[in-house]
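Observations on chain architecture
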Amino acid sequence: MKPLFAVREVLQKQGMASASQIAAELKLSVGLVEDMLMYWRRRGMVEQVSVGTRESCGRSCSSGACGSCGNAMTSSVQAYRWCDGNLLVEKLPCKWKME
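Residues numbered from 1 in each chain as written. Predicted model: local features only at pLDDT ≥ 70, side-chain atom pairs only at ≥ 80, totals over all residues. Heavy atoms only, no water.

**Observations concerning a nonpolar patch on the surface**
Our working definition: Nonpolar side chains (Val, Leu, Ile, Met, Phe, Trp, Tyr) are joined into patches within 5 Å and like charges within 9 Å, using only residues with over 30% relative accessible area and no salt bridge. Here the Shrake-Rupley method, with its probe set to 1.4 Å, supplies the accessible areas, and only the displayed protein chains count as covering residues. Every case where a carboxyl oxygen of Asp or Glu lies within 4 Å of a side-chain nitrogen of Lys or Arg is listed as a salt bridge. Every helix listed is a DSSP run of H or I at least four residues long, and every strand listed is a run of E at least two residues long, numbered separately from the N terminus.
A contiguous nonpolar patch, built from Met16, Val51 and Val77 and spanning about 180 Å² of accessible area, is present on the exposed surface. In this fold, Val51 is placed in strand 2 (residues 46–54).

**Let's talk about helix 1 (residues 3–14)**
We count it as follows: How far a helix is expected to stretch is found by multiplying one less than its residue total by 1.5 Å. For each residue, the accessible area found with a 1.4 Å probe, counting protein chains only, is set against the maximum for its type, and the residue is called buried under 20%, exposed over 50%, and partly exposed in between.
With twelve residues, helix 1 extends 16 Å from end C-alpha to end C-alpha; this agrees with the ideal 16 Å at 1.5 Å per step. All buried positions along helix 1 are accounted for by Ala6, Val7, Val10, Leu11 and Gln12. Within two residues after helix 1, Gly15 carries a phi angle of roughly 85°, on the positive side.

**Remarks on the packing of aromatic side chains**
For any pair of aromatic rings, geometry is given as the distance between the ring centres together with the angle between the planes. Worth spelling out the cut-off: In this scheme Phe, Tyr and Trp rings, the latter by its six-membered ring, pair at centre separations within 6.5 Å, and the angle between planes marks the pair as stacked below 30 degrees, edge-to-face above 60, and tilted otherwise.
All chains considered together, the criterion is met by three aromatic pairs. Aromatic pair Phe5 and Trp40: ring centres 6.3 Å apart, planes at 65°, arrangement edge-to-face. One end of the pair, Phe5, is in helix 1; the other, Trp40, is in helix 3 (residues 30–42), and 35 residues separate them in sequence. Note on Phe5: relative accessible area 33%, which makes it partly exposed. Overall, the relative accessible area of 5% leaves Trp40 in the buried class. Consider the rings of Trp40 and Trp82, whose centres lie 5.3 Å apart with planes at 70°: the pair is edge-to-face. On the criterion of sequence distance, the pair formed by Trp40 in helix 3 and Trp82 in strand 3 (residues 74–82) is long-range, its members being 42 residues apart. Put simply, the rings of Phe5, Tyr39, Trp40 and Trp82 touch in pairs and so form one group of aromatic residues.

Right under this line is the structure:
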């Protein structure tokens, strides 16, 4: 399967993923995956979204997920969401879709 369509299938299956997650699953470079995601964005099939993540305070865990950090700053990760109305995306409509 061509990488462009493999990226599409990963997003359709997962609903939302970062470029690095897709790259790891398909064993491709992040830059190449980002270029393919831009292609799908221009076609109106993918939406880029910011997803907040907790940063670690360094005490209990390495991800900040344990909750002991309290009000630790959050960072934003860029993720991509497939928007053609398939699978999980129906519950999370893209900005350009009206329901």
